[in-house]
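Structural description and commentary
Here's the letter readout for the chains.
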Amino acid sequence: MSEVPVLSVRGLERTYVTGDRSLTVLRGVDLDVYPGEIVGLIGPSGSGKSSLLHAAGLLERPNAGDIAIEGRDCTRMSERARTRVRLGSIGFVYQFHHLLAEFTALDNVALPQMIAGAAQGPARERAGRLLSQLGLADRVEHQPAQMSGGEQQRVAIARALANAPRLLLADEPTGNLDPTTSSEVFASLYQLVRETGVAAVIATHNFELARHMDRVLALKDGHLEPQSVF
Ligand code: ADP
Ligand code: MG
């Protein structure tokens, strides 16, 4: 492909030191994700999926390796510049929704847009549109505690897409939901990702979900390997 990858990871290494123990979870991970691609990331608990997503999403700095977002090297950027890239180009969905409890669904989706510089009116309008696309038109004024787990996670998905990121990183986005709700939320996520053309990396334990991805990679012993799930 001649396109510039939305995400390019080279030689990523991550070691955690706790007291006198050191644990290396990523041992030279390479990954390119192209516009519109949905990449599944699988691997048992503790294999380093979150570590990889957090480094790729510029939430943490790895011990070694390079990360480029839309062709821009972010490794040597200041924290301030990395925050700007994260806000403008990357959306993140966690296993637990991490919504702001005292705000409505609409506000939770409008706020990141306003932090990125949007005016309140357009931000709220876009938030309403995203929530409707996720089947939450009649939940916009609800606070997180007034919604089901599946609904909360849909709001988190809308929030992640609020700033029209080029890259969506989802860390077991349905891992905390029952199987039926998990399938439904994943279907909404999948549809919205396809519609927006955002590139996505989705970590999951769930092979059923992984089968819908364009390709699936497995984390094994700190390396990524192509994985067949068909
Ligand atoms: P996964 O998401 O695949 O379950 P993680 O990336 O969360 O894997 O964790 C990989 C390994 O690194 C686990 O053994 C975990 O306990 C360890 N780990 C993760 N974060 C830290 C941290 N901040 N400090 C120490 N160890 C950590
Ligand atoms: Mg994890």
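Refer to the structure printed above.
Below, the structure is looked at part by part. (Residues numbered from 1 in each chain as written. Chains lettered and ligands numbered in written order. Predicted model: local features only at pLDDT ≥ 70, side-chain atom pairs only at ≥ 80, totals over all residues. Heavy atoms only, no water.)

A word on the sheet that holds strand 4 (residues 64–69). Taken in spatial order, the 4 strands of this open sheet run 2-1-4-5, and their pairing is antiparallel. Looking at the sheet topology across the chains shown, the edges are occupied by strand 2 (21–33) and strand 5 (72–73). Pairing of strand 4 with strand 5, which is carried by 2 bridges, proceeds in the antiparallel orientation. Among the inter-strand pairings, I69 is bridged to a residue of strand 5, identified as R72. Sheet contacts for helix 1 (residues 49–56): strand 1 (7–18), strand 2 and strand 4; angle to strand 1, the most-contacted strand, approximately 120°. (Pairing = 2+ DSSP bridges. Helix = DSSP H or I, 4+ residues; strand = E, 2+ residues; numbered from the N terminus. Contact = heavy atoms within 4.5 Å. Axes fitted to C-alpha atoms, helices over the stretch in contact; angles between N-to-C directions.)

This part covers the packing of aromatic side chains. Enumeration according to the criterion identifies 2 aromatic pairs in this entry. Note on F186 and Y190: the rings are 6.0 Å apart at their centroids and 35° apart in plane angle, and the pair reads as tilted. Residue F186 and its partner Y190 are both found in helix 6 (residues 179–196); the two are separated by 4 residues, about one turn of the helix. The exposure class assigned to F186 is buried, which follows from its relative accessible area of 4%. Relative accessible area serves as the criterion here: at 24%, Y190 is assigned to the partly exposed category. (Phe/Tyr/Trp six-rings, centres within 6.5 Å; stacked < 30°, edge-to-face > 60°. Buried < 20%, exposed > 50% of the residue type's maximum accessible area, 1.4 Å probe, protein only.)

In this structure the tally under the stated criterion is 15 salt bridges. With a shortest N-O distance of 3.9 Å, K49 and E172 are connected by a salt bridge. Here the residue K49 occupies a position in helix 1, and E172 occupies one in the loop between strand 7 (167–171) and helix 6, the gap between them amounting to 123 residues. Of the two residues examined, K49 and E172, each falls in the buried class. The closest approach of N and O atoms between E151 and R139, which form a salt bridge, is 3.1 Å. A residue pair is termed long-range when its members are at least 10 positions apart, and E151 in helix 5 (residues 149–160) and R139 in the loop between helix 4 (120–133) and helix 5 qualify at 12 residues. On the basis of relative accessibility, which here comes to 17%, the residue E151 falls in the buried class. According to the relative accessible area criterion, R139 is partly exposed, its value standing at 24%. (Salt bridge = Lys/Arg side-chain N within 4 Å of Asp/Glu carboxyl O.)

Let us now look at the site of ligand 1. The immediate surroundings of ligand 1 are formed by Y16, T18, L23, V25, P44, S45, G46, S47, G48, K49, S50 and S51. In this structure, an oxygen atom belonging to ligand 1 sits 2.7 Å away from a main-chain N or O atom of G46. Contact distances for ligand 1 include 2.9 Å between an oxygen atom and a side-chain N or O atom of K49. With the chains in place, 61% of the 560 Å² that ligand 1 exposes on its own is no longer accessible. (Near = heavy atom within 4 Å. Polar contact = N/O pair within 3.5 Å; in protein donor to acceptor, adjacent residues only side chain to side chain. Areas by Shrake-Rupley, 256 points an atom, 1.4 Å probe, with all protein chains shown as cover.)

At their nearest, the axes of helix 3 (residues 105–115) and helix 4 sit 8 Å apart, and the two run at 130° to each other. Overall, the two elements helix 3 and helix 4 adopt an arrangement that is oblique. Judged by the twist between their axes, the crossing of helix 3 over helix 4 is right-handed. Where helix 3 abuts helix 4, its residues A105, L106, D107, V109, A110, Q113 and M114 lie against Q120, P122, A123, R124, R126, A127, G128, L130 and L131. By residue class, the composition of the contact of helix 3 with helix 4 is 10 nonpolar, 3 polar and 3 charged. (Parallel < 35°, antiparallel > 145°, perpendicular 65-115°, else oblique. Left-handed = near helix turned anticlockwise from the far one by under 90°. Nonpolar A, V, L, I, M, F, W, Y, C, P; charged D, E, K, R; others polar.)

Tracing the chain through its elements places R82 in helix 2 (residues 79–89). Engagement of the side chain of R82 in a polar contact is seen with the backbone oxygen of E60, the distance being 3.4 Å. Within the structure, the side chain of R82 is placed 3.2 Å from the backbone oxygen of C74, a separation counted as a polar contact. Every residue in contact with R82, bar those within four places of it in the chain, is listed here: L58, E60, R61, C74, T75 and M77.

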